[in-house]
Amino acid sequence: MSFARVRALVVVGVLVVAAVVLVIVALTKDTQGDPVGDSCPAGAPRVDVELPDDPAEVTVKIYNGTSTQGLADSVTTEFKNRRFTTQKPAENKTRYSGIADIKYGPDAVGKAQLLRAYFLDQSKMEFDAKRKGATIDIVIGKNFRQLATSTEVNQSLAAVGEPTVPPGACAKPITKKKDANS
């Protein structure tokens, strides 16, 4: 065996040993190995920030915050026609001057983001960490004219972006949805 070949084998051997040591050190000193969400403070609510795949996954209850008779009924019908799950509409105790007031809890953060797009990001968003269930209450105000079209909703969703975790809360671990083909 020639000297050049021996030298090449020694260099390759040293490189292999160095690579093995580097991999072992990287794996043992890795600080990113903790699962996401373990750093959530005690008592902080876990919120669902996933956007729904189908409007039927979203349950809404519409309140009329105006003096216009039947407004909650007509908006409920509009949401029903867009495949949302709806509850019986009701009158709000106080009048609302804005377009819409969307009230939701930890189980509906992603769903509320979808509804926000139906009002072209001009609704008031009210997160209540103590609220139970995934039903979203929407108070229709005197400045409401109509729900956005499907094209406007898609554009609005792109503009507002992905749902964010409200201050003081933590995201729930994302669950893998079953593929329709499996």
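Given the structure is predicted, the values throughout are model-derived calculations rather than measurements. (Residues numbered from 1 in each chain as written. Predicted model: local features only at pLDDT ≥ 70, side-chain atom pairs only at ≥ 80, totals over all residues. Heavy atoms only, no water.)

1. What to know about the side chain of Ser156
Moving on, step 1. The residue Ser156 is located in helix H4 (residues 150-160) in this model.
Moving on, step 2. Not counting chain neighbours up to four residues away, the residues in contact with Ser156 comprise Ala117, Leu120 and Asp121. (Helix = DSSP H or I, 4+ residues; strand = E, 2+ residues; numbered from the N terminus. Contact = heavy atoms within 4.5 Å.)

2. A few points about the packing of aromatic side chains
Moving on, step 1. In the structure shown here, the tally under the stated rule is six aromatic pairs.
Moving on, step 2. Measuring from centroid to centroid gives 5.1 Å for Phe79 and Phe84, while their planes differ by 85°, and the two rings are edge-to-face.
Moving on, step 3. On the accessibility criterion, Phe79 (0% relative accessible area) is buried.
Moving on, step 4. Exposure remark for Phe84: the relative accessible area of 4% places this residue in the buried category.
Moving on, step 5. A connected cluster of aromatic rings, assembled from ring pairs, spans Phe79, Phe84, Tyr118, Phe119 and Phe144. (Phe/Tyr/Trp six-rings, centres within 6.5 Å; stacked < 30°, edge-to-face > 60°. Buried < 20%, exposed > 50% of the residue type's maximum accessible area, 1.4 Å probe, protein only.)

3. Things to note about the pairing of strand S2 (residues 59-64)
Moving on, step 1. Counting buried residues in S2 gives six out of six residues, a clear majority hidden from the surface.
Moving on, step 2. Side-chain alternation along S2 places Thr59, Lys61 and Tyr63 on one buried face and Val60, Ile62 and Asn64 on a second face that is also buried.
Moving on, step 3. Sheet topology note: the S2/strand S3 (residues 85-86) ladder contains two bridges and is parallel. By the bridge assignment for S3, Thr59 is matched with Thr85.
Moving on, step 4. For the handedness criterion, the β-α-β arrangement of S2, helix H2 (residues 71-81) and S3 is classed as right-handed.
Moving on, step 5. With five bridges connecting them, S2 and strand S7 (residues 136-140) associate as parallel partners. Looking at the pairing, Asn64 lines up with Ile140 of S7.
Moving on, step 6. With two bridges connecting them, S2 and strand S4 (residues 90-91) associate as parallel partners. Bridging across to S4, Tyr63 finds its partner in Ala90. (Pairing = 2+ DSSP bridges. Right-handed = clockwise from strand over helix to strand, strands pointing away.)

4. Some details on the nonpolar core
Moving on, step 1. Judged by nonpolar contacts, the single largest core of 29 residues is most densely connected at Phe79, Leu115, Phe119, Ile136 and Ile138.
Moving on, step 2. Those elements that provide at least two residues to this core are S2, H2, strand S5 (100-104), helix H3 (109-118) and S7.
Moving on, step 3. Considering each element in turn, this core owes the most residues, six residues, to H3.
Moving on, step 4. Among residues more than four places away in sequence, those in contact with Ile138 are Val60, Lys61, Ile62, Tyr63, Phe79, Ala100, Asp101, Ile102, Leu115 and Phe119. (Core = buried A, V, L, I, M, F, W, Y, C linked by side-chain atoms within 4.5 Å.)

5. Let's talk about the environment of Val58
Moving on, step 1. Topologically, Val58 is positioned in the loop between strand S1 (46-47) and S2.
Moving on, step 2. Judged by its relative accessible area of 0%, Val58 falls in the buried class.
Moving on, step 3. Taking the C-alpha atoms as reference points, Val58 and Ala158, 100 residues apart in sequence, are found 19 Å from one another.
Moving on, step 4. Setting aside residues up to four positions removed in sequence, Val58 forms contacts with Pro52, Phe84, Thr85, Lys111, Leu114, Leu115 and Ile136.

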